[in-house]
Amino acid sequence: MAEALARISQIDDLGMIQIRADLGRAGDAIAEAAGLALPGQGRVTTDGSRILGWMSPDELLLVLPRAEAAQALAALQDALSTEHALVLDVSDMRAAFRIQGDKALHVLMKLCPADLASMPQDGLRRTRAAQAACGIWREPGGYVLIGFRSVADYLRGLLQGAALPGSQLDPR
Amino acid sequence: MLTLTCPCCGVAAEETELHAGGEAHLKRFGPGSSDAEFEGYLFARKNPRGVHFERWRHAYGCGKWFLAARCTATLQVFATYSAQTPYPPAEVVAAIRAARPDWQPDWTETPTTPAESPNA
Amino acid sequence: MTQTGPFRLSSGGRLIDRAYPLPFRFDGRQLRGLRGDTLASALLANGQMLMGRSFKYHRPRGPIASGAEEPNALLGLGHGGRFEPNQRATTTPLVGGMATTSQNCWPSLTADVGAVNSWLYRFFPAGFYYKTFMWPRGFWKHVFEPVIRRSAGLGKAPTEADPDTYEQAYAHVDLVVVGGGIAGLTAALDAAKSGKSVWVLEQTPHFGGRTPTDHADGQARVDALIAELRAMPNVNLRRNTMATGLYDHGYLLAREALADHDPNAGIPRQRLWRIRAGHVVVASGALERPLSFAGNDVPGVMLASAVRDFIGDYGVAPGRRIVVVTNNDDAYRTALAALDAGLEVPVILDARSSAGGALPEAARARGIRVLTDAAIAGIKGGQSVEAVKLCAHSGSGEVTETIEADCVAMSGGWSPVVHLWSHCGGKLNWSDTQSMFAPDPNRPPTGADGKAMASCVGAASGDLLVADATGAAAESAIMPVWVMPTHATRKMKFKMFLDFQNDVKVSDVELAAQEGYHSVEHTKRYTTLGMATDQGKVSNINGLAVLSGALNQPIPATGTTTFRPPYTPLTLGTIAAEARGELFQPLRKTPMHGWHQAKGAYWEPVGHWRRPYCYPQGAESHAEAVAREIRAVRASVGTLDASTLGKIVVKGPDAGKFLDMMYTGMMSTLPVGKCRYGLICNENGFLIDDGVAARLSEDTWLVHTTTGGADRMHGHFEDWLQCEWWDWQVYTANVTEQWAQIAVVGPKARVLLERLGGMDLSAEALPFMGWAEGEIAGIPARVYRISFSGELSFEVAVPANRGLELWEKLHEAGADLNITPYGTEAMHIMRAEKGFIMIGDETDGTVIPQDLGMSWAISKKKEDYIGKRAQQRSHMTDPDRWKLVGLESLDGRMLPDGVYAVAEGVNGNGQRNVQGRVTSTYISPTLDKPIAMGLVRHGPERMGEVLEFPVAGQESYKARICDPVFYDKEGSRANG
Ligand SMILES: [Zn+2]
């Protein structure tokens, strides 16, 4: 039997911090506290370990090793203490999946209406996977997809189903 | 199925990623308004055949509301623009006029530039 | 090669592979075809011309076409869950071992009892179904219903679940060419050279369209194009992919067949492509039209193009002696192909007064007899063609000669396939010279930018020859022929079929016109013309031409019916795709879901969440389980998984002001550390959600919503913040899933939590309607002292990843306290015992807080809140509005949910007037009696009055109006 289109695995050790603020005014402070440059619209910045993603004109998501979340939360809250801002630990409310392999894009193309093929290398796209909201960015060898924790089983089922061996999207 | 470009995040989103919110630029009437004013605010909608302004939320996306100027008959999209404006801004009016020279705005106030928003 | 059937030609057949015979079954008979055959070609090779029965008269039907337009040869394929009715034999590739059955016939295809219908054809005229309903009732019931029941429905639906899988995929493509014929391939190459991403969708397994069959060096031309396209990285060639519809803004749906009828492939059977196309090039070719002559439905009468496809593509002879009848040059190709294959062509009947083009000359040169001003007066034969009766086309059908034949190849000209062009508003022009509706390039379907989103090339554009790509020589003009012969008698018209599947004849359309049906859309529905599964591909143009003739108006004045997707039927499986079984909907699970499951929870769907309704033990009924849970909570302690409740953080300098607008009550004055219950209305004044808000800090609130309300209320908040008060400084975040929330409820709740340790939960440290932050059992927690049951109650929120840990620790520590997990039904009953309202029970979108006696939750001081102005409208302040009360059943029976209380008199419709209805009703295990709440006119002023609730088939229920608080009226239990 042929191999699955991609290897699907759940990532359990991610921390996530939601930041809402006036990015124009507070961007520098956020960048410094997060340890990453401020991403442009629809992009992420990363140092290989942490990712700072642009979620909306006034929202960022810092994704980092879970062990660093508490400290980063404190640093960001401190950096934004004089700003009108909202900084929250949202590590527990999400499920994250790694989609790795040559045909990882095919798996996502079966589930998401977004044009992921033309997403920039450092892009972040919020869309839906079938009936559930999700966010997607690239990592070496594939993609990361995040969604809500309550639908983790649903997302896993979708991804595994879409990765069915032999179901690649190439013309036949 | 429509595709609209969200002006808040730049994404060309398809209709299934969006949530429709009805007519745009309604003026809210609250306590102290007359029955007629309140009725108009609550119930009267233009429902035109042709140029129309409507609210959309990029629900499976950045979560922001934005406005679209669209032809209800041909589905041509003249512009999408910030929700933080009481009237379509001048460039939106110009884009509509470029495609529909005979169309006239039906509001009398001067279009204002989008107000400064702390969220913008 | 007799092994694959007596009608297999000894040579030829560009699509078949004679080295690979394939066995298959048809109506139980074992037959053989070849790899590359369609089911139709394999059946024809075996001499099986009869493939089905028509819908209304059960007339014998053979294939008339060779492609997607086939209306007759519809078979049932497969067994059990894989059985699929109405599959076109002409487009179904033959698979070894395939089991196929004919439809609409009993007891057998050749001896069908239902064919009696055809003797009654005078009773089934146009509009039969409409007219019949006006006939005497008895006649309907005893005579017609049994007949209709037997004929109604086409094929049979499978009764088992489809075991195959399906999928969808999204693509974003600059330019999509629909149709892999020579025009489409040429257009694709042009576009691809400019660097655009280009997809070519071909519905069949083969590229090239008609060109290889119809033009001498056609295959070479196609092969060269394919080779060039395959070498381009920006080109994507897809076979077996049917574009089914073009929708707004370049949204193109296409079905790719991956493993049709090959269940062993282990991959999805079909894939539905959801393509966003920058531009669509419609290269879908043209379809040949039948001619309307008497007997044109006898099996063996086929489209001329189909006859030569079966000969050239599959090496199959549809007949040995083929009469060609035409009004154009193209059909002469069929005569030449038949001759090349060694078949006889006794005559070509050309309706035109002269036939002088290159093709007719070539036919004459080969010795074929060509008659002009010639037509068919009738066909001899019932289940197959035996002979053809000739007449002059310009006459009224006097038979001049009878010629033996077993096949008739007819051509009434060609119609461009304009479906995709037309789906989204592309307009057509009628061409008198070509006798066709062709796309008007000046009135294309337009896209988001207002510009054309589609264009047509090749035959689809009306350029039937595509001479610049095929090198075809010019042909002489077609002569329109809508009825053959011109002055056919009424009797002949009764045998001229327009819609072969639905048995709609020329006479039916003429009758409809005579009866006043002048609109083509009305005529379609009245006669069922074009309502067959081919959706008028074969019948449409002929039908509207006949209608135009009957109405004495030009064809463009009649116009076409609307072209609607899908181009060919889609199986529901491709539309559902992955959304079936476990993945039918996103099922939301709390962090404790697995625990509930393991404890045998009976689930209640709440939105997409699954919440335990109750936890039955042993042989307990649900009602018994619920009663046990409630008694345990009220006696000791229970836990409810409240994680699904919405939790929204609202923060900012203007957060208090904002929440004062969102809630009917005052939230800005709530002290830090306290909780307050609040109501949310919409701008219509109606109550839409409720919940407890806690003030976390000077500028931060956490508001709870109902389980179903979290996303809706978050959206509602964001709507007002973004679109109305965008200068207010407020941020919101929906953190519902960040927290697991456990309600620890009952007189022993505090005792239990204190055992886990970590926080001071005494009444002094944490009074009712207060909240505190700390640790419980070493887990960071926020504890809200709020109660929805009337008992001492703590709602404990911990990070979701630790929810299960806390839940298990509670159950471990509370074992000796008879700690009992309880579900939503116990929660509902306990709140009803306390007279608390439930959104969705006491509210239905037309109820305002004032109706529920909740004026206490509405601030009188505030100038404004969402819904306030609406609540001042005269209808809202009407003293006659129904108001919330409790209801006590008089006879001990539980009131049915939703029943109405009747009042004196009747309304304008003669129905009893009503004065109230039941909104919640339960048996209270605590009080051991039925309790109910309801909305009753002037209810609160009518305490003690008895209302009557009639229920059909039962003795009326009677209930006394009472206080809705049934239990612990003084509210002392919540204080522990
Ligand atoms: Zn957006």
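All of these numbers come straight from a predicted model, not from anything done at the bench. Every chain is numbered on its own, with residues counted from 1 as its sequence reads. Chain A is the first chain written and ligand 1 is the first ligand written, with later ones labelled in order. Given that the model is predicted, a residue must reach a pLDDT of at least 70 before its local features are reported, and side-chain atom pairs must reach 80 or more before they are shown or counted; all residues, however, enter totals for whole chains, interfaces and linings. To obtain the side-chain values, all non-hydrogen atoms of the structure were included, while hydrogens and water were left out.

## Re the overall build of chain A
Piece 1. Counting from the N terminus, the helices are the DSSP runs of H or I reaching at least four residues and the strands are the DSSP runs of E reaching at least two. A tally of regular secondary structure across chain A gives 4 helices and 10 strands.
Piece 2. Order of helices (α) and strands (β) in chain A, N terminus to C terminus: β-β-α-β-β-β-α-β-β-α-β-β-β-α.
Piece 3. Radius of gyration: over C-alpha atoms. The globule rule applied is 2.2 Å multiplied by the number of residues raised to the 0.38 power. Its C-alpha atoms give chain A a radius of gyration of 17 Å, near enough to 16 Å, the size a compact globule of 172 residues would have.
Piece 4. Note on classification: 1.4 Å probe, protein chains only; a residue is buried when its accessible area is under 20% of the maximum for its type, exposed when over 50%, partly exposed between these limits. The proportion of buried residues among the 172 residues of chain A is 61%.

## Details of the coordination of the zinc ion
Residues and elements named next belong to chain B.
Piece 1. The zinc ion binds to the protein through Cys-6 (SG), Cys-9 (SG), His-58 (ND1) and Cys-62 (SG), with metal-donor distances spanning 2.0 to 2.4 Å.
Piece 2. When the donor residues of the zinc ion are listed from N- to C-terminus, their spacing reads C-x2-C-x48-H-x3-C. Separated by 52 residues along the polypeptide, Cys-6 in the loop between strand 1 (3-5) and strand 2 (12-14) and His-58 in the loop between strand 4 (51-57) and strand 5 (65-71) bring together distant segments of the chain. Residue Cys-6 shares its accessibility class with His-58, and that shared class is buried. Metal donors were taken as nitrogen, oxygen and sulfur atoms no farther than 2.8 Å from the ion, or 3.2 Å where the ion is Na, K or Ca. Water is excluded, so coordination may look unfinished.

## So, the nonpolar core
Piece 1. For this analysis, a nonpolar core means a set of buried residues of the types Ala, Val, Leu, Ile, Met, Phe, Trp, Tyr and Cys, connected via side-chain atoms within 4.5 Å. Membership of the largest hydrophobic core comes to 129 residues, with the highest contact counts inside it found for Leu-252, Ile-275 and Phe-293 of chain C.
Piece 2. The contact criterion used is simple: two residues touch if any of their non-hydrogen atoms lie within 4.5 Å. Leave out the neighbours within four places in its chain, and Leu-252 of chain C touches Val-176, Val-178, Leu-201, Ala-243, Gly-245, Leu-246, Trp-273, Arg-274, Ile-275, Val-280 and Leu-420 of chain C.

## Quick notes on the pattern of salt bridges
Residue and element names in this part refer to chain C.
Piece 1. By salt bridge we mean one thing: a side-chain nitrogen of Lys or Arg within 4 Å of a carboxyl oxygen of Asp or Glu. Using the criterion set out here, one finds 71 salt bridges over all chains in the structure.
Piece 2. Two residues, Arg-59 and Asp-297, come together in a salt bridge whose shortest N-O distance is 2.5 Å. Remark: Asp-297 occurs in the loop between strand 14 (286-288) and strand 15 (301-303) and Arg-59 occurs in the loop between strand 3 (52-53) and strand 4 (60-61); sequence separation between them is 238 residues.
Piece 3. The class of Arg-59 is partly exposed, set by a relative accessible area of 26%.
Piece 4. Linking Asp-350 and Arg-352 is a salt bridge whose minimum nitrogen-to-oxygen distance equals 2.9 Å.
Piece 5. For Asp-350, a relative accessible area of 0% gives the class buried.
Piece 6. The exposure class assigned to Arg-352 is buried, which follows from its relative accessible area of 5%.
Piece 7. By sharing partners, the salt bridges in this structure join Arg-210, Asp-214, Arg-308, Asp-309, Asp-330, Arg-333 and Glu-475 into a single network.

## A look at the sheet that holds strand 1 (residues 7-11) of chain A
All names here are of chain A.
Piece 1. Here, strands pair whenever DSSP counts at least two bridges between them. With antiparallel pairing, 5 strands are arranged side by side in an open sheet as 1-7-10-9-8. Since the sheet does not close on itself, it has two edges, and those belong to strand 1 and strand 8 (124-129), each with one partner. Adjacent strand axes in the sheet meet at a mean angle of 30°, parallel and antiparallel pairs treated alike.
Piece 2. For strand 8 and strand 9 (residues 132-139), the ladder comprises 6 bridges, and the chain directions are antiparallel. Across the sheet, the residue bridging to Leu-124 is Trp-137, located in strand 9.
Piece 3. Note on geometry: axes are C-alpha line fits, over the in-contact stretch for helices, and angles between N-to-C directions span 0 to 180 degrees. Here helix 4 (residues 152-162) sits on the sheet and contacts strand 1, strand 7 (94-100), strand 8, strand 9 and strand 10 (142-148); the angle it forms with strand 7, its principal contact strand, is near 15°.

## A short note on the pairing of strand 29 (residues 602-606) of chain C
Along any regular strand the residues' side chains alternate between the sheet's two faces.
Residue and element names in this part refer to chain C.
Piece 1. As judged from the 5 bridges shared by strand 29 and strand 30 (residues 609-614), these two strands associate in the antiparallel manner. In the strand pairing of strand 30, Glu-604 is matched with Arg-611.
Piece 2. Counted along the chain from strand 29 to the antiparallel partner strand 30, the turn is 2 residues long, and its residue Gly-607 has a positive phi close to 60°.

## A look at the domain arrangement of chain A
Residues and elements named next belong to chain A.
Piece 1. An automatic or database domain assignment supplies the start and end points of every domain. Assigned domains within chain A: domain 1 (7-11 + 93-162) and domain 2 (14-92).
Piece 2. Taken over C-alpha atoms, the centre of domain 1 sits 21 Å from the centre of domain 2.
Piece 3. With 12 residues of domain 1 in contact, the opposing surface of domain 2 contributes 16 residues.
Piece 4. Summed over both partners, the accessible surface that disappears when two parts come together, traced with a 1.4 Å probe, is what is meant by buried area. The contact between domain 1 and domain 2 buries some 1,300 Å² in all, and 59% of this surface belongs to carbon and sulfur atoms.
Piece 5. Across the contact surface, domain 1 and domain 2 share 1 salt bridge.
Piece 6. The partner of Asp-122 in a salt bridge is Arg-43, and the shortest N-O contact between them spans 2.9 Å.
Piece 7. Counted as a polar contact is a pair of N or O atoms within 3.5 Å, where, for protein atoms, one must be capable of donating a hydrogen and the other of accepting one, and residues adjacent in sequence contribute only when both atoms are in side chains. Applying the counting rule to domain 1 against domain 2 returns 7 residue pairs in polar contact (both at pLDDT 80 or more).
Piece 8. The set of elements that each furnish at least two residues to the side of domain 1 that touches domain 2 consists of strand 7 and strand 8.
Piece 9. When residues are grouped by polarity, Ala, Val, Leu, Ile, Met, Phe, Trp, Tyr, Cys and Pro land in nonpolar, Asp, Glu, Lys and Arg in charged, and all others, Gly among them, in polar. Across the side of domain 1 that touches domain 2, the residue classes break down as 7 nonpolar, 1 polar and 4 charged.

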